[in-house]
Amino acid sequence: MTTVPPMPFDHGFPADPYSRLAPFRAGCPVARVRTPAGRPMWMITRDEDVRAAFLDPRLSMRGGRTEPYPPARRALDVTLVGHDPPHHTRLRRLVTPWLTPARVEAYRPVAEAAAAELLDAAGRDDPADLMRFAHAFSFRVMRALLGVPAADEPELYACAESVFARPVRDRARVQANLDRLDAYFREQVARRLAGPRQRDPGDGVISAIVDAWEPGGPVSRDEVVSLCATLLFAGYESTAQMIGMSMATLLARPGTLAALRAEPGTLPHAVEELLRFQTPGPFGTIRTASEDVLVAGTVIPAGGRVLLSIAAANRDPDRHADPDVLDVGRATATRHLTFGLGTHFCMGAALARLELTVALRAILDRFPRMSLAVAPERLVWQGNHLNRGLAALPVRPHG
C-alpha cells in the first residue's frame, strides 16, 4: 500500500517546494491535496504526466464551459489564461506575432541600457538589494515593449509594486491601484483607436494589438484592454523573481559563477538550466477536468481542479539526471517546463530569456566580486503555492 506523503503546502513551501513535492512524485504522483485555503485539488507531479496533462484539452481553464464570462467591473478581472480555444486562440493571435525571438531581439539594446543605468545605481549601496534592480529592470523593459511613454513609468511602477507586494498589508490600496491600472490601459487603447492605423512597429505592442483587433468581432474591447495589462503583469514579477533566484543560486556556487564569467558564450544555455532549477511558479495555471480523466492509473473526476507541478517535473530524475544539482552544461536543460507546454505556453518566453541573459551578463560583468551579504539559508522567501519569490536579495556589489 502506498503511503501518502503529508500535505506539501507548509510555511516553508515558498523557500523549498522541491523537497516537499519529491515524495509525491516518487510515491503518489497523482494526489488529492488541499491548498492553504482548504480547497481540494488533484496534484500531478511526474514529468511525463505533467507534459501529457498540459496537452490534454479535457484539462481546461474553464472545465469545458463555453458561455461568456459575466460582465466584470474591471477589464483586468478576466485575463487571457481564463479562456480555452478557440477564444483563447483569437486573443493570442493579436499579440504572438510581436513576441517571437526575432521581434524580441530588437529590444536587446533597450534591455542593455536599462541594466547599465540601474546597476550603476545599485552599485552605490553596500549592501544592495538586487531584487530592487530586478524589479525595476523587468518593468522598464516591459514598459518599452508595450510602447508606454517613459514619463508614465514612475506612477505605473508604483501601482505594480503595490499589486505584487507580499504579504498584502493594505487591500484597499491594492484595489485602488488595480482600478488605476485598469483606467490607464483603457485610456491607452482608446488613444490608439482614435489615431491612425498601421503605425510604425516601434510604437510598441499595444499599438500592434489595437491595429490587429477588429471592433465588433468576437474579441471585445475589454478583452483587448485586459490583454495589454496582462502582458505587463505576466512579464514583470515573474521575470524579476527569476533574475533574483538565478543570482541567488549562482552566488551560492562561486565555482559555477567563475566558469560563466570565464566563458560568457555559455550563458544562454546556463539560463535554461537556471530556469529548470528554480521557478517562480511551482504550478501551472489551475485546470478543471471537463470529464473523467485517467492519469497514471488514477481517475480525476469531471469537475476536479488540477495542479500541474512544474517544479516537481523540472526535478524529475526520470527526465534529468541528478536533478537537484545545478549543472549549467546539462544536456537536458532545455527540456524544462517553466514556460508550460501546448496551447497555454508562455507567450513571453523569448522576452524572458532575453531579459534573463542580459541582466545576468550585466551583473557578472559589472560586479566581478559580488557576493551574498547573508548566508543563503537566511534569505527570506515569500508567496504561496502558486507564486513564490525572494523578499530581498542583499548583496555586496564589490565583494
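Here, the structure is the one placed above.
Scope of this entry: the structure provided in the associated data block. (Residues numbered from 1 in each chain as written. Predicted model: local features only at pLDDT ≥ 70, side-chain atom pairs only at ≥ 80, totals over all residues. Heavy atoms only, no water.)

Details of the pairing of strand β1 (residues 30-34)
Put simply, the rule reads: Pairing between strands requires that DSSP locate at least two bridges from one strand to the other. Numbering of helices and strands starts at the N terminus; helices are DSSP runs of H or I of at least 4 residues and strands are runs of E of at least 2.
Looking at chain direction, β1 and strand β2 (residues 40-44) are connected through five bridges and run antiparallel. What sits directly across from Arg-34, in β2, is Pro-40. Counting the residues between successive antiparallel strands, the hairpin from β1 to β2 contains five residues, one of them, Gly-38, with a positive phi of roughly 90°.

A closer look at unusual backbone geometry
In this chain, Pro-85 is followed by Pro-86 through a cis amide linkage whose omega measures 10°. Considering the arrangement of structural elements, one finds Pro-86 in the loop between β3 (59-60) and α3 (87-93). Residues Asp-126 and Pro-127 are joined by a peptide bond in cis, for which omega reads 5°. Structurally, Pro-127 can be placed in the loop between α5 (108-122) and β4 (128-129).

Focus: empty space enclosed by the protein
So the rule is basically this: In this analysis the probe radius is 1.4 Å and the grid spacing 1 Å, with only protein atoms considered; a cavity is a set of points the probe fits into but cannot get out of, a pocket is an open set with protein on both sides within 12 Å along at least five of seven lines, and lining residues have an atom within 4 Å of a point. Grid points are joined across faces, edges and corners, and a volume is the space filled by probe spheres set on the points. Each residue is assigned to one of three groups, with Ala, Val, Leu, Ile, Met, Phe, Trp, Tyr, Cys and Pro labelled nonpolar, Asp, Glu, Lys and Arg labelled charged, and all others, Gly among them, labelled polar.
Taken as a whole and judged by the stated rule, the model has one cavity of 30 Å³ or more. Estimated volume of the largest cavity: approximately 40 Å³. Ranked by residue count, the leading element in the lining of the largest cavity is helix α10 (residues 221-251), at three residues. Taken together, the residues that form the lining of the largest cavity break down as four nonpolar, three polar and one charged.

Focus on the layout of surface pockets
If you add up the space inside the second largest pocket, you get close to 760 Å³. Arg-62, Tyr-69, His-83, Asp-84 and His-87 are the residues nearest the centre of the second largest pocket, which is lined by 37 residues in total. Counting residues per element, the ones that place at least two in the lining of the second largest pocket are β3, α3 and α10. Of all the elements, α10 adds the most residues to the lining of the second largest pocket, at three residues.

Things to note about the packing of aromatic side chains
Note the following rule: A pair of aromatic rings is counted whenever rings of Phe, Tyr or Trp (Trp by its six-membered ring) have centres within 6.5 Å, and the orientation is called stacked for planes under 30 degrees apart, edge-to-face for over 60 and tilted otherwise. Each residue is placed in one exposure class: buried if its accessible area under a 1.4 Å probe, protein chains only, is under 20% of its type's maximum, exposed if it is over 50%, and partly exposed if it falls in between.
In the structure shown here, the tally under the stated rule is 11 aromatic pairs. Relative to Tyr-157, the ring of Phe-139 has its centre 5.1 Å away and its plane inclined at 40°; by these criteria the two rings are tilted. With Phe-139 in helix α6 (residues 130-146) and Tyr-157 in helix α7 (residues 153-164), this pair connects stretches of sequence that are 18 residues apart. In terms of burial, Phe-139 and Tyr-157 fall into one category: buried. Taking the centre distance of 5.7 Å and the plane angle of 70° together, the rings of Phe-164 and Phe-233 count as edge-to-face.

So, to be careful, I would describe these as geometric facts and stop short of saying anything about function.
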